[in-house]
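# Results of the structural survey
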Amino acid sequence: MAGGGGGGGAPAPKADEPQPHPPKDQLPNISYCITSPPPWPEAILLGFQHYLVMLGTTVLIPTALVPQMGGGNDEKARVIQTLLFVAGINTLLQTLFGTRLPAVIGGSYTYVPTTISIILSGRFSDEPDPIEKFKRIMRATQGALIVASTLQIVLGFSGLWRNVASDASSTSFFRFLSPLSAAPLVALVGFGLYELGFPGVAKCIEIGLPQLILLVFVSQFVPHVLKGGKHVFDRFAVIFTVAIVWLYAFLLTVGGAYNHAAPKTQSTCRTDRSGLIEAAPWIRVPYPFQWGAPSFDAGEAFAMMMASFVALVESSGAFIAVYRYASATPMPPSILSRGIGWQGVGILLSGLWGTGNGSSVSVENAGLLALTRVGSRRVVQISAGFMIFFSILGKFGAVFASIPPPIVAALYCLFFAYVGAGGLSFLQFCNLNSFRTKFVLGFSIFLGLSIPQYFNEYTAIYGYGPVHTGARWFNDIINVPFQSKAFVAGVVAYFLDNTLHKDPTIRKDRGKHWWDKYRSFKGDTRSEEFYSLPFNLNKYFPSV
């Protein structure tokens, strides 16, 4: 009724009037959910596909950091092997004892600025031998990661990151999270990585653009033309398209297309420029303290701890996207807290083994769940097996790790978009006709994009962030959080959603009532199906 007035109430909708789509707490049209694995041959191929997708970050981070640390191709190959090995172990731990979601745990760009600060610290400038300098920096990074891991371990296993009961006196992060405040966080976990998408494709447009177009065509158009394919093309689009474009890039390389190109073009377009295949050993098992005993610096440890906290917030959003695309019910807070604790263990392992980087949920692999519509836990555990296998057999793993970066960037365009859209999908539980909802949503997303843009532009122009003192560690504690789009959007949305117009009638506008029954592990019977521990461990470690 116009104006919302009148005494007789709003008239009943007519039968022929369009009705809104009903909200779904479990995403429909998923072929295989967490507990329903596909047949073994299909599961193995899907697991290999997850392995291919996570290789991008696993290769790009050491490729950027190791030369700055003083290492060469040999050191770069060993760091990639180590990062891959630890990622496999952490993924198995997370799928077995953490959230039990099909989440790949790999490297994270969030830790890169803090690692670069360690590299640029003056205490390593007196080392003339570049290899020894590399080892000293790596040991310093290890020490910082070991200390930083305690943050997530304590927050996760102590229960501070969850609501341990429905008791109103309990105070924690997840108790106050609603679909409205989760939407900007999860959306910018995906959309906020746009700088790794098409700008990476454009570095070698003749390879990246065909990969992007072919991936969209094979995954989105071909299945609707060839309806008898039984999801072959959409489910295995990554394997098909990467193989085709990689072969095309190889032919361009051997055909001499880049023989006289600029060095920067050759490094991104050629298939033989990574130096990994020649440098990687045939067989090598990464082991703890392989670079020597870690060294510890209080300032660097505090800076890495802040990076760990930012990664914790981002991973919380990524876990939410994973459960959505795995067609699971919303995570009870105790399950998210358990997952954060095990992610802290993963950061500890990264420090002990010496990966040069911390651990977090792989956003690209979360997007792959959406593309394949397969959220099976077994598939991701198989991919962890591939990570460990190819990290030990170095030469074979290096072959796949030498995929040109523009191909990886093209995959990111699709996967990050899926994760961002997964975040926006939580708005189905909210009242989008409420001006309060519009303000919280719009303002948090805008600042989540605008504030990091300022910090990143300032750093690109001046070589340091807006907070610039004589203490690098203090600069990182302030600058790093504001460079994360997901962190800024999530914090702003969380604060506004929990402080603005605290009226009981606002609860439904926020969508909070949809998550009420999932505040406790026993609030919904499906939680036990998706999140209970294996080997009857729930008997000894009950979820609340």
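Residues numbered from 1 in each chain as written. Predicted model: local features only at pLDDT ≥ 70, side-chain atom pairs only at ≥ 80, totals over all residues. Heavy atoms only, no water.

This part covers the pattern of salt bridges. The final tally for this structure, using the stated rule, is 13 salt bridges. Here Glu132 and Arg139 are joined by a salt bridge, their closest N and O atoms 3.7 Å apart. Taking the relative accessible area as the measure of exposure, Arg139 reaches 17% and is therefore buried. The residue Asp524 makes a salt bridge to Arg526 at a minimum N-O spacing of 2.9 Å. You can call Asp524 buried: its relative accessible area is 11%. On the basis of relative accessible area, Arg526 is assigned to the partly exposed category, the value being 21%. Linked by salt bridges that have partners in common, Asp25, Lys517, Asp524 and Arg526 make up one network. (Salt bridge = Lys/Arg side-chain N within 4 Å of Asp/Glu carboxyl O. Buried < 20%, exposed > 50% of the residue type's maximum accessible area, 1.4 Å probe, protein only.)

Moving on, we get to helix H18 (residues 435-462). Think of an α-helix as turning once every 3.6 residues; residues three or four places apart then point the same way. Taking 1.5 Å of rise per residue, 28 residues should cover 40 Å, and H18 covers 40 Å from first to last C-alpha, within 8% of that figure. Along H18, the residues that are buried comprise Arg436, Thr437, Val440, Leu441, Ser444, Leu447, Gly448, Pro452 and Phe455. On its buried face, H18 is in contact with helix H5 (179-191), helix H19 (472-482), helix H20 (485-499) and helix H21 (506-510). By the N-cap criterion, in which a side-chain oxygen at the helix start approaches the backbone nitrogen of a residue two or three places on, H18 is capped by Ser434, the distance to Arg436 being 3.2 Å. Within two residues after H18, Gly463 carries a phi angle of roughly 85°, on the positive side. (Helix = DSSP H or I, 4+ residues; strand = E, 2+ residues; numbered from the N terminus. Expected span 1.5 Å × (residues − 1). Contact = heavy atoms within 4.5 Å. Polar contact = N/O pair within 3.5 Å; in protein donor to acceptor, adjacent residues only side chain to side chain.)

Taking 1.5 Å per residue, 30 residues should reach 44 Å; helix H1 (residues 40-69) reaches 42 Å between its end C-alpha atoms and fits that length. A maximum bend of about 30° is found in H1 at Met54. For H1, a buried count of 21 out of 30 residues is recorded, marking the element as mostly surrounded by other parts of the structure. Looking one or two places after H1, you find Gly70, whose phi comes out positive at around 105°. (Bend = angle between axes of the 7 residues up to and from the residue.)

Further remarks concern the packing of aromatic side chains. Considering all chains together, one arrives at 33 aromatic pairs under this definition. Residues Tyr325 and Tyr418 carry aromatic rings whose centres are separated by 6.3 Å and whose planes lie at 80° to one another, so their mutual orientation is edge-to-face. Of this pair, Tyr325 sits in helix H12 (residues 298-325) while Tyr418 sits in helix H17 (residues 405-424), and the two are 93 residues apart along the sequence. Note on Tyr418: relative accessible area 22%, which makes it partly exposed. An angle of 40° between the planes, with centres 6.4 Å apart, marks the rings of Phe426 and Phe429 as tilted. In terms of burial, Phe426 and Phe429 fall into one category: buried. By the ring-pair criterion, three or more aromatic residues cluster together here, those being Phe48, Tyr51, Trp246, Phe386, Phe389, Phe390 and Phe400. When the ring centre of Phe426 is taken as reference, the NZ or CZ atom of Arg324 above it lies at 5.9 Å. Between the NZ or CZ atom of Lys395 and the centre of the ring of Trp282, over which it lies, the distance is 5.8 Å. (Phe/Tyr/Trp six-rings, centres within 6.5 Å; stacked < 30°, edge-to-face > 60°. Lys NZ or Arg CZ within 6 Å of the ring centre and 35° of its normal.)

Moving on: the packing of H1 against helix H16 (residues 394-401). Contact geometry of H1 with H16 gives a least axis separation of 10 Å together with a crossing angle of 80°. Overall, the two elements H1 and H16 adopt an arrangement that is roughly perpendicular. Residues Phe48, Tyr51, Leu52, Leu55 and Val59 of H1 touch H16, and the partners they reach there are Gly397, Phe400 and Ala401. (Axes fitted to C-alpha atoms, helices over the stretch in contact; angles between N-to-C directions. Parallel < 35°, antiparallel > 145°, perpendicular 65-115°, else oblique.)

Although it is not a glycine, Ser327 adopts a positive phi angle of roughly 60°. Within the secondary structure, Ser327 is located in the loop between H12 and helix H13 (333-353). On the basis of relative accessibility, which here comes to 10%, the residue Ser327 falls in the buried class. Not every positive phi belongs to a glycine, and Phe535 is a case in point at roughly 55°. As for its placement among the helices and strands, Phe535 is situated in the segment after helix H22 (526-531).

A word on the nonpolar core. Val238, Tyr323, Met331 and Tyr531 are the most contacted members of the largest nonpolar core, which totals 100 residues. It is H12 that provides the largest number of residues to this core, a total of ten residues. Residues within four places of Tyr531 in sequence aside, it is in contact with Thr99, Arg100, Leu101, Tyr323, Ala328, Thr329, Pro330, Met331, Pro332, Ile335, Arg338 and Phe521. Core analysis: the next-biggest nonpolar cluster, separate from the first, contains 22 residues, Ile119, Ile137, Met138 and Ala307 among them. (Core = buried A, V, L, I, M, F, W, Y, C linked by side-chain atoms within 4.5 Å.)

Under the criterion given, the structure shown has one disulfide. For Cys204, the disulfide goes to Cys269, at an S-S distance of 2.0 Å. Disulfide Cys204-Cys269: torsion about the S-S bond near 125°, hence right-handed. Taken together, the residues span a long stretch of sequence, with Cys204 in the loop between helix H6 (198-201) and helix H7 (205-225) and Cys269 in helix H10 (residues 263-269) at a distance of 65 residues. Note on accessibility: Cys204 and Cys269 belong to one class, buried. (Disulfide = S-S within 2.5 Å.)

Here the focus is the environment of Asp272. Turning to its location among the elements, Asp272 is positioned in the loop between H10 and helix H11 (276-279). For the pair formed by Asp272 and Thr253, sequence separation is 19 residues and the distance between their alpha carbons is 7.9 Å. Here Arg270 takes part through its side chain, which lies 2.9 Å from a polar atom of the side chain of Asp272.

Let us look at the packing of H5 against H12. Where H5 meets H12, the axes come as close as 9 Å, and the angle between the chain directions of the two elements is 95°. Judged on the interaxial angle alone, H12 and H5 are roughly perpendicular. Across the interface between the two elements, Ala182, Leu185, Val186 and Val189 of H5 pack against Val313, Glu314, Gly317, Ala318, Ile320 and Ala321 of H12. For the contact of H5 with H12, the residue count by class is eight nonpolar, one polar and one charged. (Nonpolar A, V, L, I, M, F, W, Y, C, P; charged D, E, K, R; others polar.)

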